[in-house]
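Survey of secondary and tertiary structure
Below, each chain spelled out in residue letters.
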Amino acid sequence: MSTDVRPIARALISVSDKSGLVAFAGRLAAHGVELVSTGGTRKALAEAGLKVLDVADLTGFPEMMDGRVKTLHPAVHGGILAVRDDAAHQASMKEHAIAPIDLVVVNLYPFEATVARGASYDECVENIDIGGPAMIRAAAKNHADVAVVVDASSYERVLAELEEKGGTTLATRRKLAQLAYARTATYDAAITRWFAQVENDTTPNTRIFDGTLAEALRYGENPHQSAAFYTGGAARPGVATARQLQGKALSYNNLNDTDAAFEAVAEFDPARGPAVVIVKHANPCGVAEGATLEAAYRKALACDPTSAFGGIVALNRTLDADAARAIVEIFTEVIVAPDASEEAIAIVGAKKNLRLLVTGALPDPRASGTLVKSLAGGLLVQSRDNAVVDDMELQVVTKRAPTNAELADLAFAFRVCKHVKSNAIVYAKDLATVGIGAGQMSRVDSARIAASKARDAAQAAGLAEPLTKGCVVASDAFFPFADGLLTAIEAGASAVIQPGGSIRDKDVIAAADEAGVAMVFTGVRHFRH
């Protein structure tokens, strides 16, 4: 036996999640490992016919205070923490009749799940584990001698070494210790977040963010950057909860763009009708509503067919065969939808590299949440932009009020504008984007670029004039000068939606009135960086 291999003579097992428990404990017992357990875990093992010692037999004390006190005892922690080759430790163990514990298997009270199902304050508090984290941390600290398991996914690794080597190796115990401390850190992070929410504390002195590795990625935004995808445990439908039905592995940029596309399409309630968003480099390049998903896709594609090549397509309804046939006509990286029909899956399957993701649902654009951006030496943390144009009181500020058709297009355009990088300008007509200007340092340049793209799209489609003629325009923030508005009017816009709030609002309104253009203020800005 290698000198760093530690045999397992006694295992303490206390788990809330009993997945694979009996089979794991049975194989330990088959190798002569003595099993010690508590409460429900001991009962499950005993009912399976396994010989198991109650932890009370070690401590000489029964469980008390509704199970709050059972393992917090020197007979338990001494057996875990004792350094095996320390003579003084061994003498203390002998003096106090403490037997060593070589394997600690603990997963914690389901605090996160309890909070997620909306349990009462008292029930959440009762599901804060105390003894479990103490045993986990003790075993992880003493990993030179003790193995600790906090998840059923590690059972097989321990069993394989036990069967092959007669015990656990130091390399395995170190890895298990790392996993153990990650679990207790995650657990404590969930508790402190919950307390902050209970206290409505949006700026706690310490913020803890955690994630679970979903996938190590080939590289990041660029090949020289390392990257991985971590899930945060939130139930929000999207890339973190999606099932990939086919296609190549998702890259860093695929994941980022798919998230942007799906969050954007979620702005369009499927009860109102089908909608499609096409995204390239995290910016929408075409968005439309239509009578069918296919019709919506073709309208969205017409906005900027050049940029749509190699893009991400997000749909707000189940992907059907007609929409699938239309989408696969050009090279597309990812399709994401709440679901997909069997026929649609088969159609997409002909393109073996095309990724198809189904999420089961759409995220709620009104739901609260937290967004985090890293800075040198720190983090910027803010609440999610959950403002929805349907909930805003639009203020008509011009002499002419928009028509009902213009109002529908204005709401559509502002819905899209929320998901375009600032400075953002969106031209829309008949519930479809006809020009998008994104990410420019000046608003007037975004207006010009959007108009230029509309002219290019018209030329590609063989149209006599760009679709911006008779369109509406949305701006994610106020027009600081009239020049951006005049550029939009020159492109053909007849109505405008913007937050308002500029010191030159009167000048902008006067320019709109002079041109006979209707304009509404939302009072809500949608910067996105």
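Residues numbered from 1 in each chain as written. Predicted model: local features only at pLDDT ≥ 70, side-chain atom pairs only at ≥ 80, totals over all residues. Heavy atoms only, no water.

Per an unreviewed UniProt entry, the chain goes by Bifunctional purine biosynthesis protein PurH and derives from Ancylobacter mangrovi.

This part is about the pattern of salt bridges. Close approach of charged atoms allows side chains of opposite charge to pair. All told, the structure shown has 25 salt bridges when counted by the stated rule. A salt bridge links Glu156 to Arg27; its shortest N-O distance comes to 3.2 Å. With Glu156 in helix α9 (residues 155–165) and Arg27 in helix α1 (residues 21–30), this residue pair connects regions lying 129 residues apart in the sequence. Classification of Glu156 by relative accessible area gives partly exposed; the value is 44%. In this structure, Arg193 engages Asp210 in a salt bridge whose closest nitrogen and oxygen atoms are separated by 2.8 Å. In this pair, Arg193 is assigned in helix α10 (residues 170–198) and Asp210 in the loop between α10 and β6 (212–217), connecting sequence segments 17 residues apart. Arg193 gets classed as partly exposed once you look at its relative accessible area, which sits at 29%. One salt-bridge network, held together by shared partners, links Arg272, Glu289, Asp390 and Arg415. (Salt bridge = Lys/Arg side-chain N within 4 Å of Asp/Glu carboxyl O. Helix = DSSP H or I, 4+ residues; strand = E, 2+ residues; numbered from the N terminus. Buried < 20%, exposed > 50% of the residue type's maximum accessible area, 1.4 Å probe, protein only.)

One key point about sheets: their strands pair by backbone hydrogen bonds, in either a parallel or an antiparallel sense. Spatially, the 6 strands line up as an open sheet ordered β8-β13-β12-β11-β9-β10, and their pairing is mixed. Looking at which strands have only one partner, the edges of the open sheet turn out to be β8 (243–246) and β10 (283–289). Strand after strand, the sheet turns through a mean of 20 degrees between neighbouring axes, direction not considered. In terms of strand pairing, strand β9 (residues 275–280) meets strand β11 (residues 311–315) through 4 bridges, oriented antiparallel. Its bridge partner lying in β11, Val276 is registered against Leu315. Helix α15 (residues 342–349) contacts β8, β12 (332–337) and β13 (355–358) of the sheet and is inclined by roughly 60 degrees relative to β8. (Pairing = 2+ DSSP bridges. Axes fitted to C-alpha atoms, helices over the stretch in contact; angles between N-to-C directions. Contact = heavy atoms within 4.5 Å.)

Let us look at the packing of aromatic side chains. Evaluation of the coordinates by the stated rule reveals 7 aromatic pairs. On the basis of an interplanar angle of 70 degrees and a centroid distance of 6.3 Å, the ring pair of Phe111 and Tyr187 is categorised as edge-to-face. Within this pair, whereas Phe111 is found in helix α6 (residues 111–116), its partner Tyr187 is found in helix α10, the two being separated by 76 residues in sequence. Its relative accessible area of 1% is what places Phe111 among the buried residues. According to the relative accessible area criterion, Tyr187 is buried, its value standing at 0%. Joined through ring pairs, the aromatic side chains of Phe111, Tyr121, Tyr187, Trp194 and Phe195 make up one cluster. (Phe/Tyr/Trp six-rings, centres within 6.5 Å; stacked < 30°, edge-to-face > 60°.)

By size, the foremost hydrophobic cluster in this structure holds 49 residues, and its most contacted members are Ile13, Leu28, Leu103, Val104 and Val148. Sort the elements by how many residues they give to this core and α10 lands first, with 7 residues. Every residue in contact with Val104, bar those within four places of it in the chain, is listed here: Leu12, Ile80, Met135, Ala139, Val146, Ala147, Val148 and Val149. In terms of nonpolar packing, the next biggest core, distinct from the first, is built from 41 residues, Leu250, Phe262, Leu410 and Val426 among them. (Core = buried A, V, L, I, M, F, W, Y, C linked by side-chain atoms within 4.5 Å.)

Moving on, we come to the environment of Val115. In this fold, Val115 is placed in helix α6. What makes Val115 partly exposed here is its relative accessible area of 26%. Discounting residues that sit within four places of it in the chain, Val115 has contacts with Cys124 and Trp194.

All right, on to the packing of helix α4 (residues 74–81) against helix α8 (residues 131–141) then. Their axes nearest at 8 Å, the elements α4 and α8 cross at an angle of 25 degrees. When the interaxial angle is binned, α4 and α8 end up roughly parallel. Listed contacts from α8 to Val76, His77, Ile80 and Leu81 of α4 are Ala134, Met135, Ala138, Ala139 and Lys141. Here the contact of α4 with α8 is composed, by residue class, of 7 nonpolar, 1 polar and 1 charged. (Parallel < 35°, antiparallel > 145°, perpendicular 65-115°, else oblique. Nonpolar A, V, L, I, M, F, W, Y, C, P; charged D, E, K, R; others polar.)

Moving on: a nonpolar patch on the surface. Together, Phe209, Val372, Leu379 and Val381 make up a nonpolar patch on the protein surface, roughly 310 Å² of accessible area in all. Within the secondary structure layout, Leu379 lies in strand β15 (residues 378–383). (Patch = residues over 30% accessible without salt bridge, like charges linked within 9 Å, V, L, I, M, F, W, Y side chains within 5 Å. Areas by Shrake-Rupley, 256 points an atom, 1.4 Å probe, with all protein chains shown as cover.)

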